Amino acid sequence: MDSVRSERPGAGQRIPMALKILIAGGFGVGKTTLVGAVSEIRPLQTEEVLSSAGEDTDDVSGVEAKTTTTVAMDFGRITINEDLQVYLFGTPGQDRFWFLWDELAFGALGAVVLADTRRLADCFPSVDYFETRRTPFVVGVNCFDGKQLHSPASVRNALDLDPDVPVVLCDARDRQSGKDLLIALVEHVAKRRVVAA
Amino acid sequence: MAADTPGHDWLDMDAGPVVRPYTVTGGRVRPATGFDLVAFVVAAPLDRVDAAQLQPEHRAIIEVAQRPVAVAELSARVDLALGVVRVLLGDLLGAGLVVSYEPQPAAALPNYDILQAVVNGLRAL
Ligand SMILES: Nc1nc2c(ncn2[C@@H]2O[C@H](COP(=O)(O)OP(=O)(O)OP(=O)(O)O)[C@@H](O)[C@H]2O)c(=O)[nH]1
Ligand SMILES: [Mg+2]
């Protein structure tokens, strides 16, 4: 970098440490709802825009005709203190946006994988992804029907999770429940640190 | 389609090159290096900026970044796609009008005290 000038933008401003947590899971499982429930700001969306792979890709005049796909990533923030902020990112649901997952997961503290017991298989790709990358995660079982159809133990079994991965029943609409999920994740990360040390 | 067309780095196997939303960048799609989602950017004070020289999108970024703001949040607040914001931030960085603070490597693996502070902070919310 070039030498520090006295009028350097941002000089004297405090830059917090930003921790990144991902909220993943299948289509419609409650990712956006969870980000909104725990974020201190109205959930925002940052997006990336991709042109669709139209038949006319090679048609130089086709630019206007191409439709674009917007990949929205939900995004929320929790300020812990002046020097520490947690950023939450809801992952895009579709598999073809894995390249965005890589960006989201880079440097992430960990992830919450939401699971809907009525269609548990929908969260397999998320579980696989974080296991492969060795990103710490917890599983939040989102009880849509208000009653618990499956015990955390049966979900753990069905997902073939490592015994140390926390499985927590939750309601993504409920702020306290969302906070509990995040606390479970951070404690899980802390425990892994102690074990690794 | 040629896979190695210059300037078409931001590709998805299924989706092809990014086109229309990038008109504000003059078609430039290469993301500037850096500018992580949670990098903080801070702009020069507004009164030091010759706004007439800038595109409205550059100006919008400078206005939002008067206080440190994460790149993802900046993108949401100026309502421009992430890749677009990164290109524009690259311009502003080159002009010395913003500074970027990439996330500390420790953020991916914070020490125990920091994790404890997060747990306590979440409990206190
Ligand atoms: N009963 C119940 N409904 C929920 C719960 N969580 C989310 N919902 C509802 O389920 C619907 C989908 O929730 P979203 O938060 O949009 O899900 P999503 O994972 O962001 O969906 P995509 O981004 O489309 O993949 C919404 O109508 C929510 O209100 C829950 O815990 N219980
Ligand atoms: Mg959503």
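In case you missed it, the structure is sitting above this.
All values derive from a computational prediction rather than experimental measurement.

### Thoughts on the packing of helix H2 (residues 71-78) of chain B against helix H3 (residues 82-94) of chain B
Residue and element names in this part refer to chain B. The contact between H2 and H3 brings their axes to 9 Å, and the two run at 105°. Compared by their axis directions, H2 and H3 come out roughly perpendicular. Contact residues: Val71, Ala72, Leu74, Ser75 and Val78 in H2; Leu82, Val85 and Leu89 in H3. Classifying every residue of the contact of H2 with H3 gives seven nonpolar, one polar and no charged.

### Thoughts on the site of ligand 1
Residues and elements named next belong to chain A. Around ligand 1 sit 13 residues, and of these Gly28, Lys31, Thr32, Thr33 and Asn142 come closest. Threonine 32 places a side-chain nitrogen or oxygen 2.7 Å from an oxygen atom of ligand 1. Taking threonine 33, its side chain carries an N or O atom lying 2.4 Å from an oxygen atom of ligand 1. Protein coverage of the free-state accessible area of ligand 1, which is 650 Å², stands at 68%.

### A few points about the packing of aromatic side chains
Residues and elements named next belong to chain A. Applying the stated rule across the entire model yields seven aromatic pairs over all chains. Aromatic pair phenylalanine 75 and tyrosine 87: ring centres 5.9 Å apart, planes at 10°, arrangement stacked. One end of the pair, phenylalanine 75, is in strand E3 (residues 68-81); the other, tyrosine 87, is in strand E4 (residues 84-90), with twelve residues separating them in the sequence. On the accessibility criterion, phenylalanine 75 (0% relative accessible area) is buried. Centre to centre, the rings of tyrosine 129 and phenylalanine 130 are 5.4 Å apart; their planes meet at 85°, and the pair counts as edge-to-face. Residue classification places tyrosine 129 among the buried residues on the basis of a relative accessible area of 11%.

### Remarks on helix H3 (residues 124-133) of chain A
Residue and element names in this part refer to chain A. Ser126, Val127, Tyr129 and Phe130 are the residues of H3 that are buried. In a view along the axis of H3, the buried residues occupy a sector of 160°, so they form one face of it. Tucked inside the fold, the buried residues of H3 contact strand E1 (17-25), helix H2 (98-105), strand E5 (110-115), strand E6 (137-142) and helix H4 (152-159). A positive backbone phi angle near 60° is found at arginine 134, which sits one or two residues after H3.

### Observations concerning the side chain of A:Ser177
Residues and elements named next belong to chain A. The topology assignment puts serine 177 in helix H5 (residues 175-196). Serine 177 sits in the buried class, given a relative accessible area of 12%. Among the polar contacts listed, one links the side chain of serine 177 to the backbone nitrogen of aspartate 171, at a separation of 2.9 Å. Leave out the neighbours within four places in its chain, and serine 177 touches Leu169, Cys170 and Asp171.

### Some points on a negative patch on the surface
Negative charge collects at one region of the surface, where A:Asp128, A:Glu131, A:Asp160, A:Asp162 and A:Asp164 lie side by side. Along the polypeptide, A:Asp164 turns up in the loop between H4 and strand E7 (167-170).

### Comments concerning the sheet that holds strand E3 (residues 98-101) of chain B
Residue and element names in this part refer to chain B. Spatially, three strands are ordered E2-E1-E3 in an open sheet, and the strand pairing comes out antiparallel. Single-partner strands in this sheet number two, and they are strand E2 (69-70) and E3. Pairing of strand E1 (residues 40-43) with E3, which is carried by four bridges, proceeds in the antiparallel orientation. Its bridge partner being in E3, valine 41 is matched across the sheet by serine 100.

Reading guide: rules and limits
Residues numbered from 1 in each chain as written. Chains lettered and ligands numbered in written order. Predicted model: local features only at pLDDT ≥ 70, side-chain atom pairs only at ≥ 80, totals over all residues. Heavy atoms only, no water. Axes fitted to C-alpha atoms, helices over the stretch in contact; angles between N-to-C directions. Helix = DSSP H or I, 4+ residues; strand = E, 2+ residues; numbered from the N terminus. Parallel < 35°, antiparallel > 145°, perpendicular 65-115°, else oblique. Contact = heavy atoms within 4.5 Å. Nonpolar A, V, L, I, M, F, W, Y, C, P; charged D, E, K, R; others polar. Near = heavy atom within 4 Å. Polar contact = N/O pair within 3.5 Å; in protein donor to acceptor, adjacent residues only side chain to side chain. Areas by Shrake-Rupley, 256 points an atom, 1.4 Å probe, with all protein chains shown as cover. Phe/Tyr/Trp six-rings, centres within 6.5 Å; stacked < 30°, edge-to-face > 60°. Buried < 20%, exposed > 50% of the residue type's maximum accessible area, 1.4 Å probe, protein only. Arc of directions from axis to C-beta. Patch = residues over 30% accessible without salt bridge, like charges linked within 9 Å, V, L, I, M, F, W, Y side chains within 5 Å. Salt bridge = Lys/Arg side-chain N within 4 Å of Asp/Glu carboxyl O. Lys, Arg positive; Asp, Glu negative; His and termini not counted. Charge placed at Lys NZ, Arg CZ, Asp CG, Glu CD. Pairing = 2+ DSSP bridges.

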